[in-house]
Amino acid sequence: MKRNIGLVAHDANKKDLIEWCLWNSNKLVGHKFYSTGTTGKLICAALSKKHPEVEWDFTILNSGPLGGDQQMGSLIVAGSIEYLFFFTDPMTMQPHDSDVRALTRLCSVENVVLCCNRSTADHIISSPLFQDANYKRIRSDYSSYTQRFANQTVVEEAVESINQLEKEDE
């Protein structure tokens, strides 16, 4: 069983996430990781030092404020992330706060497990469901939302409106 795990940490929480990964490294072996730039490089280096015999499967994205948060969000929407361990700093305003909010919102939309601190991460990784190969998250069906204009004439009305304006300009 291989989980797809996102790893992100604000600067003040990077050491905490690195320590958490090292502490739980035996449970993390064999999983696929996606991480924002600096966080991923640091975690991968720490895990490689602790377990030099293990080939860790890491995809390093851009730094969070440089587009890494959006890349992670894209992976969440594509269904490639099942768990996001995102250790946030509640005491410091982030310059990319809107990106952070969007990322956490996408976790709710896509029903992705989101851990924002070490206590929550400890509970999740120790849950029997984390190791259960049969556990699959339930993704919501948003087809009624995505199809909300299916039986409406919005396109036709817009085309007619533009055609009418063009006729008036002649």
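What counts, and at which threshold
- Residues numbered from 1 in each chain as written.
- Predicted model: local features only at pLDDT ≥ 70, side-chain atom pairs only at ≥ 80, totals over all residues.
- Heavy atoms only, no water.
- Salt bridge = Lys/Arg side-chain N within 4 Å of Asp/Glu carboxyl O.
- Helix = DSSP H or I, 4+ residues; strand = E, 2+ residues; numbered from the N terminus.
- Buried < 20%, exposed > 50% of the residue type's maximum accessible area, 1.4 Å probe, protein only.
- Pairing = 2+ DSSP bridges.
- Axes fitted to C-alpha atoms, helices over the stretch in contact; angles between N-to-C directions.
- Contact = heavy atoms within 4.5 Å.

*Asks:* Whenever I open this one, the pattern of salt bridges confuses me. Can you help?
*Replies:* Two side chains with opposite charge may pair up if their charged atoms get near one another. Scanning all chains against the criterion turns up 8 salt bridges. We note a salt bridge from arginine 3 to glutamate 82, for which the minimum N-O separation is 3.3 Å. You can see arginine 3 sitting in the segment before strand S1 (4–9) and its partner glutamate 82 sitting in the loop between helix H4 (68–77) and strand S4 (83–87), a full 79 residues away along the chain. Between lysine 32 and aspartate 57 there is a salt bridge, and its shortest N-O distance comes to 3.0 Å. In this pair, lysine 32 sits in strand S2 (residues 32–35) while aspartate 57 sits in strand S3 (residues 57–60), placing the two residues 25 residues apart along the sequence. Of the residues examined, lysine 32 reaches a relative accessible area of 11% and is grouped as buried. Overall, aspartate 57 belongs to the partly exposed group, its relative accessible area being 27%. If you follow the salt bridges from partner to partner, you end up with Lys15, Asp16, Glu19 and Arg118 in one network.

*Asks:* I keep staring at the sheet that holds S1 and nothing clicks. Help me out?
*Replies:* Two strands in a sheet stick together by hydrogen bonds in their backbones, pointing the same way (parallel) or opposite ways (antiparallel). Strand order in the open sheet formed by 5 strands is S3-S2-S1-S4-S5, and the pairing between neighbours is parallel. Across the chains shown, the open sheet's two edge strands, defined by having one partner strand only, are S3 and strand S5 (113–115). Going across the sheet, the axis of each strand differs from the next one's by a mean of 20°, ignoring polarity. The pairing of S4 with S5 spans 3 bridges and is classified as parallel. Paired with tyrosine 83 across the bridge in S5 is valine 113. Running at roughly 150° to S4, helix H5 (residues 97–109) makes contact with S4 and S5 of the sheet.

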